[in-house]
Amino acid sequence: MHAKIEEPPKIVLSGTPREIGLQHGEQLQSQIKNQLAVYGAMFQHTSKISWDAVLDLAEEFRATLAQSTPDLLAEMQGIADGAGVSLLDIVALNCRSEISFGKFSDGCTSLSLHRQGRGRILAQNWDFTTQVQKNLALVEIVQTDKPVIYMVTEAGLVGKIGFNSAGVGTCLNAIRAHPCLSSKLPIHIALRLCLESVSVEAAIQKLSSLGGVASSQHILIADSTVALGLELSPLGDDHIAEDEYGMITHTNHFLLNRKVIEPPWLSGSPVRLARVRELAKEIVDSGVLEEDNVDIVGTVLRGRIFSDTCDGPQSICWQEDPTQPSIVRTATLFNIVMRLEEGNLGAEVVFGKPGSGLESSVVEVPWR
């Protein structure tokens with residue numbers, strides 16, 4: 001019998017960048033060290049690259065971060081000191097998408113929906129190797145003169161998936177494409193900068209002012225007034241607007257961006273995209289999103305979309321493929337449904353595969 005997935009740690013970080021990092025590193029020390037072991041094995045398996053070679057690549061990004069985002073580098077130094085590891089170990093975790101050059105099998109299905117007169121719903125399943133399930137954390141970050149950040153992240157990472165007190169939310173879809181430029185921002189740094197922004201427009205301006213991102217990725221970003229799919233690449237970006245249904249859907253291939261070389265990767269990505277669009281249109285047409293009972297939104301989206309196992313194992317709710325080595329065996333690790341609505345700002349998170357019966361109970365964010 002498989003056990004139910006346990007809720008991860010919930011931590012609140014505040015103070016200077018270094019203080020925030022120290023608290024992170026101290027409270028998640030064991031998870032960070034486990035993450036380093038997991039990623040060391042993954043780099044070796046997928047890219048035949050040693051951890052020493054990983055750290056050499058991390059040094060290139062450290063130099064970029066020192067120039068572009070010194071506060072976040074100071075936070076990473078705090079994480080390293082708090083956890084008793086090296087700065088380059090933490091930089092490597094935060095640049096793992098770039099260093100792996102797309103060799104890791106991230107899945108992920110993301111969705112934005114417009115609720116008339118209420119704002120945006122932003123939701124996704126995050127699919128990755130099951131080895132990191134035990135190293136996830138719910139993090140609240142309180143900084144002076146910036147919105148409060150609420151995110152689900154991997155231990156050691158300064159940015160990922162979540163929302164802030166200004167009503168800006170982010171989802172992430174991995175893309176595998178060439179090239180990768182270490183002179184630009186790693187995607188998890190870009191996510192953090194988005195979550196420090198007061199609007200979608202301000203986030204886009206911030207990323208642009210710092211020269212854009214290092215690797216090809218998709219950030220689905222929304223606030224109460226607008227949602228945009230940011231198909232980001234080191235050679236230029238494209239933006240996807242809401243369709244006639246008030247929706248944006250995305251999986252793991254570019255829909256507009258042709259500026260980079262994107263070889264075929266996940267055969268299930270176009271199938272999942274068609275499926276999530278189909279299911280989301282059914283929900284929009286049903287009118288359930290416009291009902292006054294706002295609590296129904298998470299239940300409906302988890303039950304009708306994010307629990308879907310059609311066309312598995314690369315389904316919306318990604319199923320483990322037992323033929324894959326355990327170090328890279330992917331599954332849905334959490335689902336998040338964010339309400340970017342004035343007066344009703346918040347999120348529901350479920351850890352594990354929604355609808356499996358083994359997922360955690362629903363965690364409300366903020367959690368107190």
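Per-chain numbering applies: the sequence of each chain, read as written, is numbered from 1 onward. Given that this is a predicted model, residues contribute local features only at a pLDDT of at least 70 and side-chain atom pairs are listed and counted only at 80 or more, while totals for whole chains, interfaces and linings are drawn from all residues. Just so you know, side-chain values use all the structure's heavy atoms and leave hydrogens and water out.

(A) Region of interest: the overall build of the chain. Going along the chain from the N terminus, every DSSP run of H or I of four or more residues is numbered as a helix, and every run of E of two or more is numbered as a strand. The number of helices and strands found in the chain is 10 helices and 14 strands. Against the compact-globule benchmark of 21 Å for 368 residues, the chain has a radius of gyration of 19 Å, which places it among compact chains. Taking the principal axes of the C-alpha coordinates as reference, the chain spans close to 55 × 50 × 45 Å. Looking at the chain residue by residue over its 368 residues, the buried ones come to 58%. Contact criterion: two residues are considered in contact whenever any of their non-hydrogen atoms come within 4.5 Å of each other. Sequence-distant contacts, at least 24 apart, represent 66% of the contacts inside the chain between residues at least 6 apart. Radius of gyration means the value over C-alpha atoms here, while the globule rule gives 2.2 Å times the residue count to the 0.38 power. Only protein chains enter the accessibility calculation, which uses a 1.4 Å probe; a residue is then buried when its area is under 20% of its type maximum, exposed when over 50%, and partly exposed in between.

(B) Structural detail: the domain arrangement of the chain. Split into domains, the chain comes out as domain 1 (16-100) and domain 2 (107-365). Domain delimitation in this document rests on an assignment produced automatically or drawn from a domain database. The straight-line distance from the C-alpha centre of domain 1 to that of domain 2 is 23 Å. Facing 30 residues of domain 1, the contacting portion of domain 2 comprises 37 residues. Take the accessible area each of two parts loses on contact, using a 1.4 Å probe, and add the two losses: that sum is the buried area. Between domain 1 and domain 2, roughly 2,700 Å² of surface is buried when both sides are summed, and carbon and sulfur atoms account for 65% of that area. Considering only the surface of domain 1 that becomes buried against domain 2, Leu72, Asn94 and Glu98 emerge as the three largest contributors, covering 20% of it. Whenever Lys or Arg places a side-chain nitrogen within 4 Å of a carboxyl oxygen from Asp or Glu, that contact is recorded as a salt bridge. For the pair domain 1 and domain 2, the interface holds two salt bridges. Close ionic contact of arginine 96 with glutamate 154 constitutes a salt bridge, the shortest N to O distance being 2.9 Å.

(C) How the structure looks around the environment of asparagine 125. Among the secondary structure elements, asparagine 125 is positioned in strand β3 (residues 119-129). Relative accessible area serves as the criterion here: at 0%, asparagine 125 is assigned to the buried category. Taking the C-alpha atoms as reference points, asparagine 125 and valine 350, separated by 225 residues in sequence, lie 9.5 Å from one another. Definition of a polar contact: a pair of N or O atoms within 3.5 Å, with one able to donate and the other able to accept a hydrogen when the atoms are protein atoms, and with sequence-neighbouring residues admitted only if both atoms are side-chain atoms. Engagement of the side chain of asparagine 125 in a polar contact is seen with the backbone oxygen of phenylalanine 306, the distance being 2.9 Å. At 3.0 Å, the side chain of asparagine 125 and the backbone oxygen of isoleucine 316 are in polar contact.

(D) The pairing of strand β8 (residues 217-222), seen in detail. Here β8 lies mainly inside the structure; six of its six residues are buried. Residues Gln217, Ile219 and Ile221 point to one face of β8 and His218, Leu220 and Ala222 to the other, with burial holding for every one of them. Here the rule is simple: two strands pair whenever DSSP picks up at least two bridges between them. Inspection of the sheet shows strand β7 (residues 169-174) paired to β8 by six bridges, in the antiparallel sense. The residue bridging leucine 172 from the neighbouring strand is isoleucine 219, located in β8.

(E) Summary view of the packing of aromatic side chains. Think of it this way: a Phe, Tyr or Trp ring, Trp meaning its six-membered ring, pairs with another when their centres are within 6.5 Å, and the plane angle makes it stacked under 30 degrees, edge-to-face over 60, tilted otherwise. For the coordinates displayed, the defined rule picks out seven aromatic pairs. Seen from their ring centres, tyrosine 39 and phenylalanine 43 are 6.5 Å apart, and the 40 degrees between their planes marks the pair as tilted. Of this pair, tyrosine 39 and phenylalanine 43 both sit in helix α2 (residues 29-47), four residues apart, roughly one helical turn. A single burial state applies to tyrosine 39 and to phenylalanine 43, both of which are buried. Judged by centre distance (6.2 Å) and plane angle (35 degrees), the rings of tyrosine 39 and phenylalanine 128 are tilted. One end of the pair, tyrosine 39, is in helix α2; the other, phenylalanine 128, is in strand β3, with 89 residues separating them in the sequence. Taken as a pair, tyrosine 39 and phenylalanine 128 share a single burial class, namely buried. Its guanidinium or amino end placed over the ring of phenylalanine 128, arginine 96 lies 4.4 Å from that ring's centre, counting from NZ or CZ. A ring is considered to have a charge above it if a Lys NZ or an Arg CZ atom is located within 6 Å of its centre and within 35 degrees of its normal.

(F) Region of interest: the sheet that holds strand β12 (residues 330-340). Spatial ordering of the open sheet is given by β11-β2-β3-β12-β13-β14, a layout of six strands whose pairing is antiparallel. A strand with exactly one partner marks an edge of an open sheet, and here the two such strands are β11 (247-250) and β14 (363-365). Adjacent strand axes in the sheet meet at a mean angle of 15 degrees, parallel and antiparallel pairs treated alike. Inspection of the sheet shows β3 paired to β12 by 10 bridges, in the antiparallel sense. Of the residues in β12, the one forming a bridge with alanine 123 is valine 337. Interaxial angles span 0 to 180 degrees and are taken between N-to-C directions of axes, which are lines fitted to C-alpha atoms, for helices over the stretch in contact.

(G) How the structure looks around the environment of valine 142. When you line up the elements, valine 142 lands in strand β4 (residues 136-142). Since its relative accessible area comes to 30%, valine 142 is described here as partly exposed. Along the backbone, valine 142 and threonine 16 are 126 residues apart, and their C-alpha atoms lie at a distance of 9.4 Å. If near-sequence neighbours (up to four positions away) are discounted, valine 142 is found in contact with Val12, Leu13, Ser14, Gly15, Ile20 and Val148.

(H) Seen up close, the pattern of salt bridges. As enumerated under the stated definition, the model contains 15 salt bridges in all. In this structure, aspartate 238 and lysine 259 form a salt bridge, with 2.7 Å as the shortest nitrogen-oxygen distance. Here the residue aspartate 238 occupies a position in strand β10 (residues 238-240), and lysine 259 occupies one in the loop between β11 and α9 (268-286), the gap between them amounting to 21 residues. Connected via shared salt-bridge partners are Glu75, Lys146, Arg192 and Glu196.

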